[in-house]
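# Descriptive structure summary
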Amino acid sequence: MGKTLDRELKKGSAELLILALLEEKARHGYEIGKLIDERSEGVVRFHVASLYPLLYRLERRGWDERGVGARRRRRRRFYRLTASGRKTLASQRARWREFSGAMNRIVEVRCA
C-alpha cells in the first residue's frame, strides 16, 4: 500500500515540480530528474523513462517548449517555460499552498 500511495502522490505533483524547475531556467530532462532527487533529498525520484513523457505532455499543452542546444559535441533538448506555463505554474502553486496548508492544519499535533 505504501508504494502505491507514494506513486499517486508523486503523480499528482509531477507537473508542479517540473514547471517550478523550468521557471528558474531552461533545463534538459536528465537535469530536471537529478534536481528533483537532490532537492527532495532522495524522497522523490523520477526515472528518465517516466520523466520524458511528462515533458512531452507539458509541451503538447503549451506549457513548455523544446529548444536544441549544443553541449559537449552532442545536441541536447532543453525545455523552457512558456507564458502559458508561467500562468499554470502560478495557479498550481496557489492551489498547492492552500492544499498543503490545510493538510498541515489537520495532521500536525496541536498542544492543548
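Residues numbered from 1 in each chain as written. Predicted model: local features only at pLDDT ≥ 70, side-chain atom pairs only at ≥ 80, totals over all residues. Heavy atoms only, no water.

## Here's the deal with the overall build of the chain
To keep things clear, this is the line we draw: For the purposes of this entry, the term helix denotes a DSSP run of H or I that reaches at least four residues, the term strand denotes a run of E that reaches at least two, and both are numbered from the N terminus. Only protein chains enter the area calculation, which uses a 1.4 Å probe; residues under 20% of their type maximum are buried, those over 50% are exposed, and those in between are partly exposed. By definition, residues are in contact when any of their heavy atoms lie within 4.5 Å.
Along the chain, the regular secondary structure elements total four helices and three strands. From first element to last, N terminus to C terminus, the chain shows the α and β order α-β-α-α-β-β-α. Looking at the 112 residues of the chain, the share that counts as buried comes to 31%. Partitioning the intrachain contacts of the chain with sequence separation of at least 6 by distance along the chain shows that 47% fall at a separation of at least 24.

## Looking at the packing of aromatic side chains
Stated precisely, the cut-off is as follows: Stacked, tilted and edge-to-face pairs are distinguished by plane angle, under 30 degrees for stacked and over 60 for edge-to-face with tilted covering the rest, among Phe, Tyr and Trp rings (Trp via its six-membered ring) whose centres lie within 6.5 Å.
According to the stated counting rule, one finds two aromatic pairs in the structure shown. Here the aromatic rings of Trp96 and Phe99 are separated by 6.2 Å at their centres, their planes lie at 45 degrees, and the arrangement is tilted. Separated by three residues within a single helix, Trp96 and Phe99 lie in helix α4 (residues 83-107), roughly one turn from each other.

## Some words on the pattern of salt bridges
As a reminder of what qualifies: Should a side-chain nitrogen of Lys or Arg be within 4 Å of a carboxyl oxygen of Asp or Glu, the pair is scored as a salt bridge.
Per the counting criterion, the structure on display carries nine salt bridges. Between Arg45 and Asp37 there is a salt bridge, and its shortest N-O distance comes to 2.7 Å. According to the relative accessible area criterion, Asp37 is partly exposed, its value standing at 25%. Bridged by salt links that share partners, the residues Glu24, Lys25, Arg27, Glu31 and Arg39 form one connected network.

## Let's talk about α4
Our working rule: Multiplying 1.5 Å by the residue count of a helix minus one yields the expected span of that helix.
For α4, with 25 residues, the first-to-last C-alpha span of 36 Å sits near the 36 Å given by 1.5 Å per residue. Those residues of α4 that sit buried are Gly85, Thr88, Leu89 and Gln92.

## A closer look at helix α3 (residues 48-60)
When the terminal C-alpha atoms of α3 are compared, their 19 Å separation across 13 residues agrees well with the 18 Å that a helix rising 1.5 Å per residue should span. Downstream of α3 by one or two residues, Gly62 has phi in the positive range, about 85 degrees.

## With respect to the side chain of Glu15
So the rule is basically this: We define a polar contact as two N or O atoms separated by no more than 3.5 Å, with the added condition that, inside protein, one atom must be a possible hydrogen donor and the other a possible acceptor, whereas residues neighbouring each other in sequence contribute only through side-chain atom pairs.
When you line up the elements, Glu15 lands in helix α1 (residues 2-24). A distance of 3.4 Å separates the side chain of Glu15 from the side chain of Gln92, its partner in a polar contact. Glu15 has contacts with Arg57, Leu58, Arg61, Trp63 and Gln92, leaving out every residue within four places of it along the chain.

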